[in-house]
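Residues per chain, in single letters:
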Amino acid sequence: MREAPVKPAAAPYKIYVASAHAALTLLLTYPLVFKLTTQVIGPAEDNLQSLWNLWWVKQAILSLHTHPYYTDYLFYPQGTSLAFHSLSLFNSLLGIPLQFIVNPITCYNILILLSFVLAGWGMYLLIYQLTGHSGAAFVASLVFAYSPYHFAHAEHHLQLSSIQFIPFFILYLIRLFERPGLKYSLIAGIFLFLAGLCSWYYLMCLVIFCLIFAVYQLIGQSRAALNHRFWKQFLAMLLFSGVLIAPFIYPGLKEKFYGMRYFEKNLSQIFSADALAFFIPPPAHPLVPVALVNLYNKFGVNTWEATVFLGYLVMLLSGYAIYKLNWSQTGLWVVSGLIFGVFSLGPRLHVMGKVIFPALPMPYWLIQRMPLFNISSAPGRFVVMVFVSLSVLAGYALEHIISTGRVRGLRGNGLMLWLTGGFILFEYLAVPVKLCSPDRITQAPFIEEQLANDSGDYAILELPLLDYWAGNVFMYRQTRHQKRLLNGSISRLSHKSVKFLLSTPLKELINDSALGDDFFTKLKPLLIKNRIKYVVLNHYLYEKSKAARLYILLNRAFKKNAGLEDRLTIFRVY
C-alpha cells in the first residue's frame, strides 16, 4: 500500500464513477434491461431457488411472524432447517421492501445489477485509496466488477453474485490501519457483517484475509504495524462484526452442537478450480470456439463453477506491477492472491479434469478441518479474492505507467486507459447474457390458476422426488401457490429433512422401484392423514415410458384435476 494515505475522492466524482458502472452494467448484461419484469439472468437453475429465498424470508417475517431459518413449507411434514442454506439474508431482507414496489422477478434483477454497480464502485474507491489516480482506479475496478467469475455466478447464484461489500471492507480495513480510530473500526465491521449476510463464503474469505493482513503487517512491514492503537481497533472490529453476525450464525452452531448430519458428498473435488482454467477464456464469451467450450466440460461438474479465467492483459499488468513496484506496495496483494488461488484449487490439484499427484494434499485441507469453515464445498469460489488482488495490482501498474511518463501527454494517458479498459472488458465479455422466464419454464401460473379456488391448508406432492433441478422448479411454483411441499432443493440437506420420505412407502418413488398396480391406492390413506391434497406428475422430467406408467397408476387412484399437454398433470387425492 502507499507510503502516505491520500484524501478520498470528492463526493461528486464518486457519483460519476457509480453512474459509469451503472451504465456499463446495463450494457454488459444486455438484453436484461429490456426484460427486467419477466425474465432473469441465466438458465433456470439455482436462480429459481434464489427467487424462493426472496419469497420465503418475506413470508416468514411478515406473514408467519417467525425466523426464516426453519420451514415446513419444504420437506413437509417434518420440515427442514435452513441454517446452512444459502438464504443470502442481505438480499432477502432488502428484497422485502422492494417486493412492495416491484414484482419478485424485477426485485431479483435489481439485486443482481446492484452487485455489479456497487462492486465496481467499491473497488474504484479501494484502488484510488492505494494509488491516488482516478483513471487507473476506474479501469482496474473493471477487473473485479465484471470478472468471468462474477458473470458466471450472476447467472446462477444471487448470493455469490453479491461480491459488492468485499472491496468496501478492505478499503476501511486499510483506512483503519493508516488512521486507527473507532470510526473506521465500526465501518469495517459493518461491511464484514454485510459481506457475511450476502454469502457465508465471503465471510470466510474476509476472515482469512484479515489473518493474512495481520500476519503480513507483523512480519514484514513498517513500524506502523506495531501501532497498538491499530491492533486494539482491529480486534474491536472483529468483535463488533462478530456480535452483529452471531444471531445469524447461531442456528448453524446449534445444529453442529446437536450433531445434525448432512448428506456427505465429495463436492470439494468436483467444485475445485482446474489449474488450466485460469488461462482459458470462459464459455460465455461470444467469440469462444466450440473446442474451448467442450474443454470446460472436463474442468468440473458444470461450467459456471469451473469459470475462473483471469484475463491475459490483467495478468500482464499484475506481472508488471510486481516487477516494477516495491514489495511494500504489492506484497500484500501478491501473497493474498497466491493463497486464495491455491485454496481455490481444492483438496487435490486438477489439470484438464484429472488429479495430478493424488497422494499430495493441497492447502485446502486446512479449510476442511476448520470448524464452520468446513461447510465450504466449492473451493473454486475462493477465486473471488484473487480478482481483488489482480484489480489492485492492475491499478498499481496503470498508475506507474502514467506517473513515469511511459505514455506521453494527457491524451496519450487517456487513450491508453480507454484501450486498456476496453480490452479487459472484451476478454471478460459475456454479451448477450442468457435469460430465462421462470413463469414459462416452471408453468407456475398454470399451477396457481388451478389451485386458485382451493385456499385450504394442505400440501402438494410433486413428482419426481429428490431431484435437485426439479426441486428448484417446485420451489419457484410454491412462491405462486404458497402450499407446502414434500421436497425441494436446499444448499445442505440433512438426513432429518428426508425422514418422512425415506420412512414411508414414498421411498419407492425415490428408489425408482417397480410399483404395483395398487401402489397409490394403498398410499392414499397416508396422504390424506398428512393433508397432502394434490399430486403433480411432471411428465417431462421422466422417461416417456416411466411417465406413462405413473400416469396410469395415479389416474386409477385419484381424480384428475387438470393437465397441461405432456408437461404435467394435477391429481386430486381427496
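Our subject is the structure listed above.
Reading the values: the criteria
Residues numbered from 1 in each chain as written. Predicted model: local features only at pLDDT ≥ 70, side-chain atom pairs only at ≥ 80, totals over all residues. Heavy atoms only, no water. Helix = DSSP H or I, 4+ residues; strand = E, 2+ residues; numbered from the N terminus. Rg over C-alpha atoms; globule rule 2.2 N^0.38 Å. Buried < 20%, exposed > 50% of the residue type's maximum accessible area, 1.4 Å probe, protein only. Contact = heavy atoms within 4.5 Å. Areas by Shrake-Rupley, 256 points an atom, 1.4 Å probe, with all protein chains shown as cover. Lys, Arg positive; Asp, Glu negative; His and termini not counted. Charge placed at Lys NZ, Arg CZ, Asp CG, Glu CD. Pairing = 2+ DSSP bridges. Polar contact = N/O pair within 3.5 Å; in protein donor to acceptor, adjacent residues only side chain to side chain. Patch = residues over 30% accessible without salt bridge, like charges linked within 9 Å, V, L, I, M, F, W, Y side chains within 5 Å. Salt bridge = Lys/Arg side-chain N within 4 Å of Asp/Glu carboxyl O. Phe/Tyr/Trp six-rings, centres within 6.5 Å; stacked < 30°, edge-to-face > 60°. Lys NZ or Arg CZ within 6 Å of the ring centre and 35° of its normal.

*Asks:* What is the right way to read the overall build of the protein from this model?
*Replies:* Along its length, the protein carries 26 helices and 11 strands. Relative to a compact globule of 574 residues, whose C-alpha radius of gyration would be 25 Å, the protein shows 25 Å and is just as compact. Within the protein, buried positions represent 57% of all 574 residues. Across the protein, every contact between residues at least 6 apart in sequence was considered, and the portion connecting residues at least 24 apart equals 77%. Accessible surface, the protein: about 23,900 Å² in total, of which carbon and sulfur atoms supply 64%. Each charge class in the protein can be summarised by its mean position, and for the 47 positive and 26 negative side chains these summaries are 8 Å apart.

*Asks:* Teacher, can you tell me more about the sheet that holds strand E11 (residues 568-572) here?
*Replies:* Hydrogen bonds between backbone groups are what pair the strands of a sheet, and the pairing can be parallel or antiparallel. Spatially, the 5 strands line up as an open sheet ordered E8-E7-E9-E11-E10, and their pairing is mixed. Edge strands, defined here as strands with exactly one partner in the open sheet, are strand E8 (484-485) and strand E10 (559-564). Where strand E7 (residues 459-463) lies against E8, 2 bridges are found, and the strand directions are parallel. Bridged to Ile 460 within E8 is Leu 485.

*Asks:* Whenever I open this one, the side chain of His 150 confuses me. Can you help?
*Replies:* Positionally, His 150 belongs in helix H6 (residues 148-154). In terms of polar contacts, His 150 uses its side chain to reach the backbone carbonyl oxygen of Ser 161, at 2.8 Å. Contacts of His 150, omitting those with residues within four sequence positions, involve Ser 115, Phe 116, Phe 144, Ala 145, Ser 161 and Ile 163.

*Asks:* What should I look at first to understand a nonpolar patch on the surface in this one?
*Replies:* Among the surface-exposed residues, Ile 61, Leu 62, Leu 93, Phe 100 and Ile 101 lie close enough to one another that they form a single nonpolar patch of about 480 Å² accessible area. Its relative accessible area of 69% is what places Ile 101 among the exposed residues.

*Asks:* Would you mind going over the packing of aromatic side chains with me for this structure?
*Replies:* Between two aromatic rings, the relevant description is the distance of the centres plus the angle of the planes. All chains considered together, the criterion is met by 37 aromatic pairs. With 6.2 Å between their ring centres and 55° between their planes, Trp 52 and Trp 55 make a pair best called tilted. Separated by 3 residues within a single helix, Trp 52 and Trp 55 lie in helix H2 (residues 46-63), roughly one turn from each other. For the pair shown, Trp 52 and Trp 55 are each scored as buried. When the ring of Phe 193 is compared with that of Phe 248, the centres are 5.8 Å apart and the planes differ by 50°; the resulting orientation is tilted. Taken together, the residues Phe 193 in helix H9 (residues 182-198) and Phe 248 in helix H11 (residues 228-257) connect sequence positions 55 residues apart. Here the basic side chain of Arg 175 rests over the ring of Tyr 172, its NZ or CZ set 5.0 Å away from the ring centre.

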